[in-house]
Amino acid sequence: MCNFASNKAFPMPILLFTYNRPHHTKRTIDALLRSSNVADYSLIVYSDAAKDESDANNVSAVRDILCQIVGFKSVKIVLREKNMGLAHNIISGVTETFQTYKDVIVLEDDIVVSPGFLSYMNDALAFYKDKKVWSIGAYSPIDTLNQYPYSTYTIMRNCSWGWGTWRDRWEKVDWDVSDFQSFNNDRRIQRAFNLGGGNDLSPMLKRWHRGEIHSWSIRFCYAGFKNHMPTVYPASSLVSNNGADGSGSNMRPSHRYNVKTTDFIDSKLFCPDTNPVTTITLLFRRRYDLSIIRRIINLLKGLGWN
């Protein structure tokens, strides 16, 4: 049994979602503990239960690591009694946290943050709180932005690799996507959705609707699109993902998204919320746009050609 302090936070809590990867989880926690002002933040961890016996030992190892966490203002561990899966765990955990807090910072167990991560997230959540922004991301797939005058940019696609948002945005999400059929029948809306952040977006939403994936992120992204609110990204990434090694259930082994990270984003140079830059959007989309072959395969699946 683990004993922890209350989860009264300053200035907002950090949520960490874990499952069955003890090595990755320890790296995530160790990196987070090297962040500036980490002792001012409360940590809330949602530990999902094993799906079957094959995962039980690793889940237990993760929970042993969680019981040893020190260095935060307070720590609260939520041990799921049944396996929820990542999407349900995140939706439930963030929603539950918003019953108490107005904004949150969210990490998964394969995200390694730089020492400047918390300072950036805190500054950005404060700066964009009352602006037309959907969420704050800490990862940037773009390595270099030559002669760009700001330290952040906006994209109509959310970031799930180290992110934060506010209660009033989260409450706008329709997790059932009740207007999916009208979306699916309207090519114009689909093109607009894709133009904002990558032509993989509409296919992902369709795959979710068919039950092929269980992503929370694509539904959150679609809600941001419907509300005409972009996500803010740093000009240089403050996180790296060490889960692209085949250990996770949602990502194949890949070096495609490897980028250099920074320890500092200048809050004095944050971009306006109404600052879409076409050249940046095009560079961003190159990281996510599907190949013609993949687009044809997705089209055939949509037509029922399995």
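Owing to the predicted nature of the structure, the values given are computational and were not obtained by experimental measurement.

(A) Main features of the nonpolar core. Leu-32, Leu-43, Phe-117, Tyr-120, Tyr-128, Ile-136 and Tyr-153 are the most contacted members of the largest nonpolar core, which has 53 residues in total. Once you skip the residues sitting within four places of it in the chain, Leu-32 turns out to touch Ile-14, Val-38, Leu-43, Phe-72, Leu-107, Val-113, Phe-117 and Leu-118. Among the nonpolar cores identified, the runner-up in size contains 22 residues, and Ala-87, Ile-90, Tyr-101 and Trp-175 belong to it.

(B) A look at the confidence of the model for the protein chain. Averaged over all residues, the pLDDT of the protein chain equals 90, while 87% of them reach at least 70. Note on residues 3-10: pLDDT is under 50 here. Beyond four places in sequence and across chains, it has 22 contacts.

(C) Just helix H1 (residues 22-33), in detail. Its twelve residues place the ends of H1 16 Å apart at the C-alpha level, agreeing with the 16 Å of an ideal helix rising 1.5 Å per residue. Residues of H1 that are buried include every one of Pro-22, His-24, Thr-25, Thr-28, Ile-29, Ala-31 and Leu-32, and no others. Packed against the buried residues of H1 are strand E1 (14-18), strand E2 (42-47), helix H2 (53-66), strand E4 (103-108), strand E5 (111-113) and helix H4 (117-127).

(D) Looking closely at the pattern of salt bridges. For the structure on display, the rule yields ten salt bridges. With its nearest N and O atoms 3.1 Å apart, the salt bridge here joins Lys-226 to Asp-179. Taken together, the positions of Lys-226 in helix H9 (residues 217-226) and Asp-179 in the loop between helix H5 (167-170) and helix H6 (180-184) put the pair 47 residues apart, joining distant regions of the chain. Through salt bridges with shared partners, a single ionic network connects Arg-21, Asp-109 and Asp-110.

(E) Highlighting the sheet that holds strand E9 (residues 231-234). With mixed pairing, the eight strands of this open sheet are ordered in space as E3-E2-E1-E4-E8-E6-E9-E7. Bordering the open sheet on either side are strand E3 (74-79) and strand E7 (152-155), each of which pairs with just one other strand. Here the average twist between neighbouring strands, direction ignored, is 25 degrees. Across two bridges, the pairing between strand E6 (residues 135-137) and strand E8 (residues 163-166) is antiparallel. Paired with Gly-137 across the bridge in E8 is Trp-163. Strand contacts of H2: E1, E2 and E3, with the helix running at about 165 degrees to E2, the strand carrying the most contacts.

(F) Quick look at the packing of helix H8 (residues 201-209) against H9. Packing of H8 against H9 leaves a shortest axis separation of 9 Å and a crossing angle of 125 degrees. Considered as vectors, H8 and H9 are oriented oblique to each other. Crossing angle aside, the handedness with which H8 passes H9 is left-handed. Contacts between H8 and H9 involve Leu-201, Met-204, Leu-205 and Trp-208 on the former and, on the latter, Ile-218, Arg-219, Cys-221 and Tyr-222.

Cut-offs used in this document
- Residues numbered from 1 in each chain as written.
- Predicted model: local features only at pLDDT ≥ 70, side-chain atom pairs only at ≥ 80, totals over all residues.
- Heavy atoms only, no water.
- Core = buried A, V, L, I, M, F, W, Y, C linked by side-chain atoms within 4.5 Å.
- Buried < 20%, exposed > 50% of the residue type's maximum accessible area, 1.4 Å probe, protein only.
- Contact = heavy atoms within 4.5 Å.
- pLDDT = per-residue confidence, 0-100.
- Helix = DSSP H or I, 4+ residues; strand = E, 2+ residues; numbered from the N terminus.
- Expected span 1.5 Å × (residues − 1).
- Salt bridge = Lys/Arg side-chain N within 4 Å of Asp/Glu carboxyl O.
- Pairing = 2+ DSSP bridges.
- Axes fitted to C-alpha atoms, helices over the stretch in contact; angles between N-to-C directions.
- Parallel < 35°, antiparallel > 145°, perpendicular 65-115°, else oblique.
- Left-handed = near helix turned anticlockwise from the far one by under 90°.

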